[in-house]
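# Descriptive structure summary
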Amino acid sequence: MATKKKKAAAKKPAPKKAAKKAAPKKAAKKAAPKKAAKKAAPKKKSARKPNAAFMKPLTPSAALAAVVGSKAVPRTEVVKKIWGYIKANKLQDSKNRRMINADDKLKVVFGGKSQVSMFDMAKHLGKHLS
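Residues numbered from 1 in each chain as written. Predicted model: local features only at pLDDT ≥ 70, side-chain atom pairs only at ≥ 80, totals over all residues. Heavy atoms only, no water.

### Topic: the overall build of the protein
Along its length, the protein carries six helices and two strands. For the protein, the residues scored as buried account for 21% of the 130 residues in total. When contacts within the protein are restricted to residue pairs at least 6 apart in sequence, those whose partners lie at least 24 apart make up 28%. Entry remark: accessible area of the protein is about 11600 Å², with carbon and sulfur atoms responsible for 58%. (Helix = DSSP H or I, 4+ residues; strand = E, 2+ residues; numbered from the N terminus. Buried < 20%, exposed > 50% of the residue type's maximum accessible area, 1.4 Å probe, protein only. Contact = heavy atoms within 4.5 Å. Areas by Shrake-Rupley, 256 points an atom, 1.4 Å probe, with all protein chains shown as cover.)

Structure, rendered in structure tokens:
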């Protein structure tokens, strides 16, 4: 019931207040609009540059070369190729997607472990890159 009263009160227009007459001032000047101060144009940010350490070509070990190839490639490309291999062979665990089930080629890379976390994968890959 309280809400009905509030709604009814909201619909009624508010009573108009009596306007006060301002006493005439002597030669009232209109305030001239102030000009906005010009702001210096913000510097354009340059495109983000990749870290040279990530882009340095590294040679994979023989075990890793069986998966990603023997050509020297940057660390980022090795990770991309490993993920491509994992997805193509459906090696991600179906219940816990963070875990990777190693096949014969990846088992050698992962230090003999049959299942490795995706977060530990970079640690194992680092041992096979030089």
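### Some remarks on the environment of K56
Tracing the backbone through its elements, the reader meets K56 in the loop between helix 2 (52-55) and helix 3 (62-68). Filtering out sequence-adjacent residues up to four positions away, K56 remains in contact with V73, P74 and R75.

### Points about the nonpolar core
Grouped together as the largest cluster of nonpolar side chains are 19 residues, with contacts concentrated most on L64, V78, I82, L106 and F110. Elements that contribute at least two residues to this core include exactly helix 3, helix 4 (75-88), helix 5 (104-109) and helix 6 (118-127). Here the element with the most residues in this core is helix 4; it accounts for four residues. For V78, the contacting residues outside a window of four places in its chain are L64, V68, V73, L125 and L129. (Core = buried A, V, L, I, M, F, W, Y, C linked by side-chain atoms within 4.5 Å.)

### Quick word on helix 4
A rise of 1.5 Å per residue sets the reference length of helix 4, with its 14 residues, at 20 Å; its end C-alpha atoms lie 20 Å apart and thus fit the reference within 8%. All of the buried residues in helix 4 are V78, I82, Y85 and I86. Down the axis of helix 4, the sector holding all buried residues measures 100°, keeping them to one side. Residues K80, K87 and A88 are exposed on helix 4 and point more than 90 degrees away from its buried face. Considering only its buried residues, helix 4 is in contact with helix 3, strand 1 (99-101), helix 5 and helix 6. (Expected span 1.5 Å × (residues − 1). Arc of directions from axis to C-beta.)

### Some thoughts on the packing of helix 4 against helix 6
Across the interface, helix 4 lies against helix 6 with an axial gap of 11 Å and an inter-helix angle of 125°. As the angle between them shows, helix 4 and helix 6 are arranged oblique. In terms of crossing hand, the pair formed by helix 4 and helix 6 is right-handed. In this structure, helix 4 contributes R75, V78, V79, I82, W83 and I86 to the contact, and helix 6 contributes M118, M121, L125 and G126. Residues that form the contact of helix 4 with helix 6 fall into these classes: eight nonpolar, one polar and one charged. (Axes fitted to C-alpha atoms, helices over the stretch in contact; angles between N-to-C directions. Parallel < 35°, antiparallel > 145°, perpendicular 65-115°, else oblique. Left-handed = near helix turned anticlockwise from the far one by under 90°. Nonpolar A, V, L, I, M, F, W, Y, C, P; charged D, E, K, R; others polar.)

Any functional reading would require information that these geometric values do not contain.
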